[in-house]
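One-letter residues, chain by chain:
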Amino acid sequence: MSTYPSDIQRSNGTIINSAGTFFITRSSSSNSRILVGDNEIISQNSCTSSFTGLTGKYSINMVFNGAADYKVNKRELRLHPENFIFLNNYTNYSSRIDSAIPVNALSVFFDPRFVQDFEYSRKSGAVLLDNPFDYKYENPVFVESIYPLQGALKDNLLNLAGLINSNTTNQLLLNDCLHDCLLNYYSIYNTEVVNRTASLKFLSHVTKSEILRRLSMAKDYIISNYNKNIRLDDIAQMACLSINHLLRTFKQAYQQSPHQFLTTFRLQQAKYYLRNTDYPVSEIVDMVGFECPSSFIRLFRSSFNVTPGQYR
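Report follows, based on the coordinates.

Conventions and cut-offs
Residues numbered from 1 in each chain as written. Predicted model: local features only at pLDDT ≥ 70, side-chain atom pairs only at ≥ 80, totals over all residues. Heavy atoms only, no water. Buried < 20%, exposed > 50% of the residue type's maximum accessible area, 1.4 Å probe, protein only. Helix = DSSP H or I, 4+ residues; strand = E, 2+ residues; numbered from the N terminus. Pairing = 2+ DSSP bridges. 1 Å grid on protein atoms, 1.4 Å probe; cavity = no way out; pocket = protein on both sides within 12 Å on 5 of 7 lines; lining within 4 Å. Points joined across faces, edges and corners; volume = space filled by probe spheres on them. Nonpolar A, V, L, I, M, F, W, Y, C, P; charged D, E, K, R; others polar. Phe/Tyr/Trp six-rings, centres within 6.5 Å; stacked < 30°, edge-to-face > 60°. Core = buried A, V, L, I, M, F, W, Y, C linked by side-chain atoms within 4.5 Å. Polar contact = N/O pair within 3.5 Å; in protein donor to acceptor, adjacent residues only side chain to side chain. Contact = heavy atoms within 4.5 Å. Salt bridge = Lys/Arg side-chain N within 4 Å of Asp/Glu carboxyl O.

It is worth spelling out the pairing of strand β7 (residues 75–79) at this point. The alternating pattern of β7 places R75, L77 and L79 on a buried face, while none of E76 and R78, on the opposite face, is buried. Across five bridges, strand β6 (residues 68–72) lies against β7 in antiparallel orientation. Its bridge partner being in β7, V72 is matched across the sheet by R75. Turn length for the β6-β7 hairpin, with the two strands adjacent in sequence and antiparallel, is two residues, and the turn residue N73 shows positive phi of about 55°.

Okay, here's the thing in structure tokens:
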């Protein structure tokens, strides 16, 4: 499918994508949608919006500022800058933005066949040569989670956002970007899922995979509620693990206790606000969930070897 200018849609109303998904956007907003074959890229800048009935494609979702709320099955997740959510093609979910200032968000929807072909391309050279058109495609299943947005994936998504804002119709260039995004995601997935699964001290791979899936739910709960007063009981309940089992396995997978992980994430978010906003340090302390400015400054300096003011 070729992309023509008519394929780029800017709307204040309802958008229906090629998979029949309804994007219902309310209030003042700016939306851009580009089709790249059967893949889709949607950029929005909105104070209030709700996307419902999302399913049928793999997706990478991120925000450049503010936050977006996701409901995935029974889980309620909050997406912050410097992170992204990856969701499988069979997952039915919804997202919502409700903010006093416009939130700039980007979603990349991968057609299952595009991901299947990417998976196939990673096979050995002999398989690719002997059976180029005779391969039984299967939809890969990934651990759905909030991941850190970093490295080459961050650069590629920023580049993709720039291409959308420039209204490009260069299909070859856009396809290259989508391929690179998947490649970069696989690299992050290997670090965040495959390697962490291997670090768990269980004999059965099935057990390891299930524990990591539950730990990912615990991690996502911490990230989604990082600026609130989080109880260990709530984290354990979200992961369907006993408190002692959670503490033992979380440290095996993430080399930190849940409390240490929470503190580290709060400090990373503080760095984001120091770098990208003009909020006073005292206000940032409250925004990221610290209670005492002096303890925040001490933790920040011990972690990054500079004070918050010097970092800014």
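Right, picking up where we left off after that structure.
Moving on to empty space enclosed by the protein. Regions of empty space are outlined by a rolling probe, equal in size to a water molecule, passed over the atoms. Summed over all chains, the structure comprises three cavities of 30 Å³ or more. Roughly 60 Å³ of volume is contained in the largest cavity. Forming the boundary of the largest cavity are Q44, F51, M62, A68, Y70, S95, R96, I97, A105, L106 and S107. Those elements that place two or more of their residues in the lining of the largest cavity are β4 (39–54), β6 and β9 (93–110). Take the lining of the largest cavity: its biggest share by element is six residues, from β9. Of the residues in the lining of the largest cavity, the class split is seven nonpolar, three polar and one charged.

In total, this model carries 26 aromatic pairs according to the counting rule given. Ring centres of F142 and Y186 lie 5.6 Å apart, and the angle between their planes is 85°; this geometry places the pair in the edge-to-face category. Residue F142 is located in the loop between α2 (125–130) and β10 (145–148), and its partner Y186 is located in helix α4 (residues 171–199); the two are separated by 44 residues in the primary sequence. The same class applies to F142 and to Y186, which are both buried. Between F142 and Y189, the ring centres sit 5.3 Å apart and the planes meet at 85°, which makes this aromatic pair edge-to-face.

Time to look at the layout of surface pockets. Each pocket or cavity is described by its volume, and for the largest pocket that value is around 760 Å³. Contributing to the lining of the largest pocket are 35 residues, with G66, A67, D69, R78 and H80 lying nearest its centre. For the lining of the largest pocket, the secondary structure elements donating two or more residues are β6, β7, β9, α5 (205–224) and α8 (258–276). Of the residues in the lining of the largest pocket, the class split is 14 nonpolar, 12 polar and nine charged. Its boundaries defined by the atoms lining it, the second largest pocket holds a volume of some 420 Å³. Lining the second largest pocket are 22 residues, with N83, P148, F261, F265 and Q268 positioned closest to its centre. Mapped onto the lining of the second largest pocket, the elements with two or more residues apiece are β10, α4, α5 and α8. Tallying contributions element by element places α8 first for the lining of the second largest pocket, with eight residues.

The subject of this paragraph is the nonpolar core. Membership of the largest hydrophobic core comes to 82 residues, with the highest contact counts inside it found for I41, F84, F110, Y147, L157, Y185 and L215. The biggest single contributor to this core is α4, with 10 residues.

Mapped onto the fold, N65 is located in the loop between β5 (58–63) and β6. You can call N65 buried: its relative accessible area is 19%. Of note is the side chain of N65, whose polar atom sits 2.8 Å from the backbone nitrogen of N104. The contacts of N65, once residues within four sequence positions are left out, are P81, I101, P102, V103, N104 and Y272.

With that settled, the discussion passes to the pattern of salt bridges. Between side chains of opposite charge, a pair can form as their charged atoms come close. The final tally for this structure, using the stated rule, is 16 salt bridges. For R96, the salt bridge is made with D69, and the minimal N-O distance between the two is 3.5 Å. Of this pair, R96 sits in strand β9 while D69 sits in strand β6, and the two are 27 residues apart along the sequence. On the accessibility criterion, R96 (40% relative accessible area) is partly exposed. Residue E82 is joined to R275 by a salt bridge in which the shortest nitrogen-to-oxygen separation is 3.4 Å.

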